[in-house]
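Here is how the chains run, residue by residue.
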Amino acid sequence: MIGSKRKGLGVITTAAIATSALLISAIPAHAEVGVSSSEIKLGITVPQTGPAATGYNKVAPAMKAYFAYVNANGGVNGRKINLIIKDDKYIPQEAINMTNELILKDKVMAIVGALGTANNLAVASKVQIASRGVPSLFVNTGYSGFADKKKFPTTFALFPSYAMEAKAIAAYLKENLPTAKTCVLLQNDDFGADAAAGFKTGGVTFTETVKYVSGTQSSATGQTWIGKFATAKCEVVVLFGVGTANAIALGVAAAGGYKPQWILGSVGSDVTTIKATLNNPQATALMNGAIGASWAPDSADLTDEYAKQFREINTTYNAGAVFDNNVMVGMSEGLLIVQALRAAGTNPTRKSLIAAIEKKGSTFASAGYSALGYSATSHVGQTGFWFGKYNLAGELKSVDGKYTMYTTDSAAGPVVKTEQKRLPMPAKGLPSN
Amino acid sequence: MKNLMSKKNKVIAFLASTSLVTMTMVALPSAARAADPSCTDLVVITQCVGATTDGAGYVVQVPAKFTGTLFLFSHGYRYPVDIPAGIPLVGGYKVVSSPQPAPGGGAAQITEVATAMLGKGYAVAGSGFVTQGWNADSGLKTNVELIGILKKKFPKITKVVAWGESLGGFITQGLAEKYPTLIDAAAPLCMAAGSVEAELTMGGDALWGLKTFFDPTLVGGNYAAGAAGYAQAMGDIVKVLTIAGTLQAAIAANPTAPAWPATSKVPDSIKAIPSRSALVLVGVMSGIPTQSAHFDNSTGPGDPTATAYVSYASAISPALGTLENIAQAAILGVLATYDVELQAGGAIFDNTKTDYAARLGSDLYTYGSALSGLDAASGMLAYLSPLNPAAPRAVGNPNAMAKMRTLLTHTGKINVPTIAMGATADPITPAGNVQWLADRAAEQLTASRSAAKAAYLTSGSYTKPASNFMTIWQKTPAKYSKYTATGSPDTTPAGANGTGHCNTTTKQYLAIADLAYAAANTGQLVVGGKLLTTLRKAGGLSYDPGFKASLLKFYN
């Protein structure tokens, strides 16, 4: 009898242990901030209103629309993505305020697609997202510094840097316009400084360099810029400003009959911004014949599988927003974010999210034509540009029809021309990694 | 630092009459009777006054329903010299050494805080310290003696909480480091931390920047001996205020491109840059916050979608915030530099090797608009270069600097449960002070946890060491600037939470007191829901262990 009692206790004990183990395995080991059984909360700060909002205010709604599409198709491992959009008006202190709200009040798991170098630097310094362990995924800026894992260990770049773009443009100029008198418009901040460093590395000497302070661009200042370019008899002018500045330059030049060969940087070539800045729906005609650099397909390219899929999603989920490059950026970031969340495991944490991008990020499908550079030691995203020519509608068409990529780094590495290559768009735009 | 304003001298008035109890001022006993406090038993409290052997007066008030916990308060920096009438803002100040038993921004609030604490059953006490100015060493000595006197007089004292504001916070931490057995908990508030050198470097940088850009006749340090040095220091206060007033008027007249003061000798190439940008550069490179009592850096007047609104928030508001802060910081810089030079015997500020570009760091981009762009900032930094003979650097006296470094310095060791409170936009003791202490505390916690894990490997038992330190932050609201109907900034409202120096509400003081009381009596910090409830009820306080303020520029 004693023996059987002991046996019975043993069975009960074993069963209890087994039940406990089952219960334990059913409960996430660590409930992460912003992650519940049904939802993943993410946050984004962007200028939704104010002078910098034009064009940029389409990025976050597009990302949200993509998430809505993913949510309608089962979400991420059963969880729906809830994107909270905060308007920072492109004011650094407001970006700090809004990010604090997202992290402390809304308790998001991660910041995604935060826009602007000054704002991201302000947030890094004053909100300390790194020491908090909060991921900042795929920042919407090309400042090369954000790819520095040591300084910004939780931040990941997506765009190729301004320095990379400048080096690519320098290479293009050397190949195609080696003797032309070349000039440049730069923004007098990190954006311009990053680019200036890239042009210098690329060996370009500008006949005239015009810089403007962010926020001072106007018709009056535009007259000054164009006056300087015309006086210097610039045959090629690289407009490496933001969209509003580039638009003003194009508008003033056209009005004055000044017609250099324009080269438009990717930041300032958004047709929505150019049309809105000049308050002229036909303003894209001013871009006609300009050379442009881009890391991803033009949104108007109906043959591109990414653009095509995003356009379809936009039609259903983005309240009739006009599909343009800003929408493409928002959805491209969304696509990467979903893959990152999936790669972070069934119960993603902030740590596992960062680790997943470092480990598997280079294998994520992306609209960009160059390889993604994510690794355990690098937070660099896209690394290359293709060159095209704008048509009357403001669409960028590959100059060689092959989207040859000019890939490089942000430092002194060479510019290498490669064939464009990328992973196919996941079926129906829904990652299954 | 705290207690700089003349209104603070009204502590005596408080001691003469409080709202809760009617007290009779008792003549302070002489030093010879130092250990023999003179007490008056009132209806609900016992009040004693006396002096420690160094002659520093003190007051203690013990409620009839005493919990056994004494709060020993250390007041902040009081000017060490009289200031002639006629000098704006601070003129007419007389050196005062009256004891202060509780924190507060004036007699009324000190009364309110002390009264409420007595009502909670806490005893309150504080010395006036025998000397004013930077008196950390003598203040520490006074407090050590005072604790002994009070424990002897009131055997019911079972726990002692040391707390103090600004320089008093520095003294409080010093007490906790050097005499941990005398106290059971510490609460340094809006504290200076680390060393006097770290604190005065901010003032030195600011004065040197103002001098270099706006008025080369500003002496800014290395004051002459005797009356001549006093006159120089007083003259500097006037000059600092004149610069501030001139810049304020210039910004009001033309916010976009305010003129430079006539006293400025910078070349035209620098004067082509708006003077407000030079002001922001001086503030940011010194570590003075750009957010101030009335300027939030995130709003502007008028339509929030307009370009003017964004430009104001990004470029003008930081300049006005710096202006509002730098006047206070520079006055303290003048007086504290003068004070410590007298103590040390020569110039104690040396920026011959300071790299101001490195001091700016990423702020160069964050404040890009306020600095009028990268080229303008680079141009101004080039003007500040040590290679520019028009911007001579300040040269310290090695002997004086060595002597300054012998003054009380913190190790950052946390020996007793410590609750520090700091404001994110304090212009006198910036948040980097408390952050320095928080960093040291974090290092110790990491080390003790590593040691505990190592011990586990040999002993098999593991007790996770708990943190003995927390920072309670007074953070600025997201938006608080006010504008008049005509779009001018309205500076009449009270300063926003998280701005100003030791700008603390009575509820906030009492919340810290309650947390310190609990820590002293349990040996552990209050955490979790109880902590959050306490902070929520006080308003304007937050516990955010993920937040790390920027350290003082001294550490860059």
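Residues numbered from 1 in each chain as written. Chains lettered and ligands numbered in written order. Predicted model: local features only at pLDDT ≥ 70, side-chain atom pairs only at ≥ 80, totals over all residues.

Residues and elements named next belong to chain A. Here we have five strands laid out as an open sheet, ordered β2-β1-β3-β4-β5, and parallel in their pairing. Both edges of this open sheet fall to β2 (80–87) and β5 (155–157), since each of them pairs with a single strand only. Put simply, the sheet's adjacent strands are angled 25 degrees from each other on average, direction ignored. Taken together, the two bridges between strand β4 (residues 136–139) and β5 define a ladder with parallel strand orientation. Each bridged residue has a counterpart across the sheet, and for Ser136 the counterpart in β5 is Thr155. (Pairing = 2+ DSSP bridges. Helix = DSSP H or I, 4+ residues; strand = E, 2+ residues; numbered from the N terminus. Axes fitted to C-alpha atoms, helices over the stretch in contact; angles between N-to-C directions.)

Residue and element names in this part refer to chain A. Where strand β1 (residues 39–46) meets β2, eight bridges bridge the pair, whose relative direction is parallel. Of the residues in β2, the one forming a bridge with Thr45 is Lys86. Following the backbone out of β1, through helix α2 (residues 59–72) and into the adjacent parallel β2, one traces a crossover that is right-handed. (Right-handed = clockwise from strand over helix to strand, strands pointing away.)

Okay, the domain arrangement of chain B next. Residues and elements named next belong to chain B. For chain B, the assigned domains read domain 1 (6–194 + 412–442 + 513–555) and domain 2 (197–404). Its C-alpha centre places domain 1 at a distance of 32 Å from the equivalent point of domain 2. Counting residues at the interface gives 22 residues for domain 1, matched by 28 residues for domain 2. Residues that form the side of domain 1 that touches domain 2 fall into these classes: 18 nonpolar, three polar and one charged. (Domains from an automatic or database assignment. Contact = placed C-beta atoms within 7 Å. Nonpolar A, V, L, I, M, F, W, Y, C, P; charged D, E, K, R; others polar.)

With respect to the helices and strands, the residue A:Asp190 is situated in helix α7 (residues 190–201). With 26 C-beta atoms packed within 10 Å, A:Asp190 lands in the buried category. If we ignore the near neighbours within four places in the chain, the residues touching A:Asp190 are A:Thr117, A:Ala118, A:Tyr143 and B:Tyr365. (Buried ≥ 20, exposed ≤ 12 C-beta atoms within 10 Å, placed from the backbone.)

Residue and element names in this part refer to chain A. Counted at 1.5 Å a residue, the expected span for α2 with its 14 residues is 20 Å, and the 20 Å between its end C-alpha atoms agrees. Taking burial as the measure, the 14 residues of α2 include eleven buried ones, the bulk of the element. Buried residues of α2: Val59, Ala60, Pro61, Ala62, Met63, Lys64, Ala65, Tyr66, Phe67, Tyr69 and Val70, and no others. Each element contacted by the buried residues of α2 is listed here: β1, β2, α11 (305–317) and α12 (325–343). Gly74, located one to two residues past α2, shows a positive phi value of around 105 degrees. (Expected span 1.5 Å × (residues − 1).)

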